[in-house]
Amino acid sequence: MPFADSRRFFMQLGRNLIKGRLTGYKPFFLSHLITAKCNFYCPECLWKDNRLRALSTDEIRFLYHQAGACGFIANYIWGGEPLIREDIVEILKSSRGNGLLTFINTNGWYLQDKLKAIAPYTDMLIMSLDHSQAAIHDRIRGKKGSYDRIINAIQMLKAQYPKIRFLINTLVLMENKDDIENMPLLWKQLGMAGYINFIEVDILKDIGKGRENKELDVSEQNRREIAARLLMMKKEGYPILNTNHYFNTFVNGKQGYRCHFPKVFLEIYPDGTVLDCVREARPLGNVKELPLKKILDHPRVQGMIEDGEKWCHIHNNADRIDMSNTWELKRASLVTGMRFLLRRI
């Protein structure tokens, strides 16, 4: 992300924080699953559904137009695998055209083929890599050759697209728990940064997507040991984007935290459903049926925000925990985010 965009993002984040405290919070960052389809076979995934019909190109264009008019400043695009969509360039062009900083979370399979086309409309790429050894990463992701495609895409990004910020996301599983310490070594070798996510084990159960295969998760003791070691590696200077707050959440057993995620993000599923993240079975509405502004004005948006802050801390992922720390203006979170955006990590 260019410096000017980084500065604009943090200025707008600050304005929304102040405005929210004075007049009531409203999310200003889309989290948009543009498809549930994926070409990978990851056993831990809760979102893949190759049968689910997604919003059309025109419906997404209209959604992003509304988002820009409602004051949204950024758009986190994921899935499924977002680059599987044939209209991905039009989607990204619409996102940027409506003033939204545009982030893409991808498994990396299509990056080499589509990077030239999507680069002009992309501010940041988040790529999934779960093991330092190619064969094991490919097995975890259920797709032979996926590791090599990620590495090749990283080399292309560094050589040809230096303005695009990119990072690695690694998910902690039983199958890679003994390799997690090697990931920051790999990131450093590649000249980039990454972050760690502990697997989610008890979410989306209200809508029939709760995970039953808990054997994928590490033990509580494993989680403590991994968090403690990564905390030490971060202090040693390895390019780990998680904050100390994140790892300290797990070092002595999972600690509670105040979740501010709904104050920032509005999550929209492929079919247009807008998620109430504390009441998954009762969505806030659907953007195909209601204007985005009307959904944002619904009293349950404030209820979701208030409930999330009061009692919800079930999530393990860094997006929610570190965003909540950033919202509380904790220095470590602010410094880590700014250093990354300014290319100091």
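Residues numbered from 1 in each chain as written. Predicted model: local features only at pLDDT ≥ 70, side-chain atom pairs only at ≥ 80, totals over all residues. Heavy atoms only, no water.

Trainee: What is the right way to look at the overall build of the protein chain in this model?
Mentor: Scanning the protein chain from terminus to terminus reveals 14 helices and nine strands. The 345 residues of the protein chain split such that 56% are buried. When contacts within the protein chain are restricted to residue pairs at least 6 apart in sequence, long-range pairs at least 24 apart make up 74% of them. For the protein chain, the accessible surface area stands at approximately 15,200 Å², while carbon and sulfur atoms represent 51% of it. (Helix = DSSP H or I, 4+ residues; strand = E, 2+ residues; numbered from the N terminus. Buried < 20%, exposed > 50% of the residue type's maximum accessible area, 1.4 Å probe, protein only. Contact = heavy atoms within 4.5 Å. Areas by Shrake-Rupley, 256 points an atom, 1.4 Å probe, with all protein chains shown as cover.)

Trainee: How should I be thinking about the nonpolar core in this particular structure?
Mentor: What tends to happen in soluble globular proteins is that the nonpolar side chains get buried as a cluster. The biggest cluster of nonpolar side chains holds 98 residues, and the ones touching the most others in it are Tyr-64 and Met-127. By size, the runner-up hydrophobic cluster in this structure holds six residues, among which are Ile-140, Leu-171, Leu-173 and Ile-199. (Core = buried A, V, L, I, M, F, W, Y, C linked by side-chain atoms within 4.5 Å.)

Trainee: Would you explain the pattern of salt bridges in this entry?
Mentor: Taken as a whole and assessed by the stated rule, the structure comprises 21 salt bridges. The salt bridge partner of Arg-139 is Glu-175, with a shortest N-O separation of 2.6 Å. You can see Arg-139 sitting in helix H5 (residues 134–141) and its partner Glu-175 sitting in the loop between strand S5 (165–172) and helix H7 (182–190), a full 36 residues away along the chain. Residues Asp-307 and Arg-279 are paired through a salt bridge, measuring 3.9 Å at the closest nitrogen-oxygen approach. Highlighted residues: Asp-307 in helix H12 (residues 299–311) and Arg-279 in the loop between strand S8 (273–274) and strand S9 (285–286), separated in sequence by 28 residues. For Asp-307, a relative accessible area of 21% puts it in the partly exposed group. What emerges from the salt-bridge pattern is a single network uniting Asp-58, Arg-61, Glu-90 and Lys-93. (Salt bridge = Lys/Arg side-chain N within 4 Å of Asp/Glu carboxyl O.)

Trainee: How do you make sense of the packing of aromatic side chains when you look at a structure like this?
Mentor: Geometry of an aromatic ring pair is reported as the spacing of the ring centres plus the angle between the planes. Tallied over the full model, the rule gives nine aromatic pairs. Ring centres 4.7 Å apart and planes at 50 degrees place the aromatic pair Phe-198 and Phe-250 in the tilted group. Taken together, the residues span a long stretch of sequence, with Phe-198 in strand S6 (residues 193–198) and Phe-250 in helix H9 (residues 244–251) at a distance of 52 residues. Look at Phe-198 and you get buried, because its relative accessible area is 1%. Accessibility expressed as a relative area gives 0% for Phe-250, which makes it buried. In this arrangement the basic side chain of Lys-114 is found over the ring face of Tyr-110, its NZ or CZ atom lying 5.4 Å from the centre. Arg-320 extends its terminal NZ or CZ atom over the ring of Phe-261, reaching a point 4.0 Å from the ring centre. (Phe/Tyr/Trp six-rings, centres within 6.5 Å; stacked < 30°, edge-to-face > 60°. Lys NZ or Arg CZ within 6 Å of the ring centre and 35° of its normal.)

Trainee: In this structure, what is going on with the pairing of strand S1 (residues 29–33)? I would like to understand it.
Mentor: A large share of S1 lies buried, amounting to five of its five residues. The side-chain alternation of S1 yields two buried faces, one formed by Phe-29, Ser-31 and Leu-33 and the other by Leu-30 and His-32. Crossover S1 to strand S2 (residues 74–78) through helix H2 (residues 57–69) is right-handed. Pairing of S1 with strand S7 (residues 265–268), which is carried by four bridges, proceeds in the parallel orientation. Of the residues in S7, the one forming a bridge with His-32 is Ile-268. (Right-handed = clockwise from strand over helix to strand, strands pointing away. Pairing = 2+ DSSP bridges.)

Trainee: Looking at this structure, I do not really get H2. What am I missing?
Mentor: Each α-helix turn comprises 3.6 residues. Residues three or four places apart therefore point the same way. The terminal C-alpha atoms of H2, which comprises 13 residues, lie 19 Å apart, in line with the 18 Å expected from a rise of 1.5 Å per residue. Of all the positions in H2, only Ile-60, Leu-63, Tyr-64, Gln-66 and Ala-67 are classed as buried. Angularly, the buried residues of H2 cover 160 degrees about the axis, an arc narrow enough to put them on a single face. The exposed residues of H2 that point more than 90 degrees off its buried face are Asp-58 and Ala-69. Next to the buried residues of H2 lie S1, S2, helix H3 (88–97), S7 and helix H11 (292–296). (Expected span 1.5 Å × (residues − 1). Arc of directions from axis to C-beta.)

Trainee: In this structure, what is going on with the side chain of His-260? I would like to understand it.
Mentor: Looking at where His-260 falls in the secondary structure, it is placed in the loop between H9 and helix H10 (261–264). Looking at His-260, its side chain comes within polar contact range of the side chain of Glu-328, at 2.8 Å. Apart from residues lying up to four places away in sequence, His-260 is in contact with Glu-309, Ser-324, Trp-327 and Glu-328. (Polar contact = N/O pair within 3.5 Å; in protein donor to acceptor, adjacent residues only side chain to side chain.)

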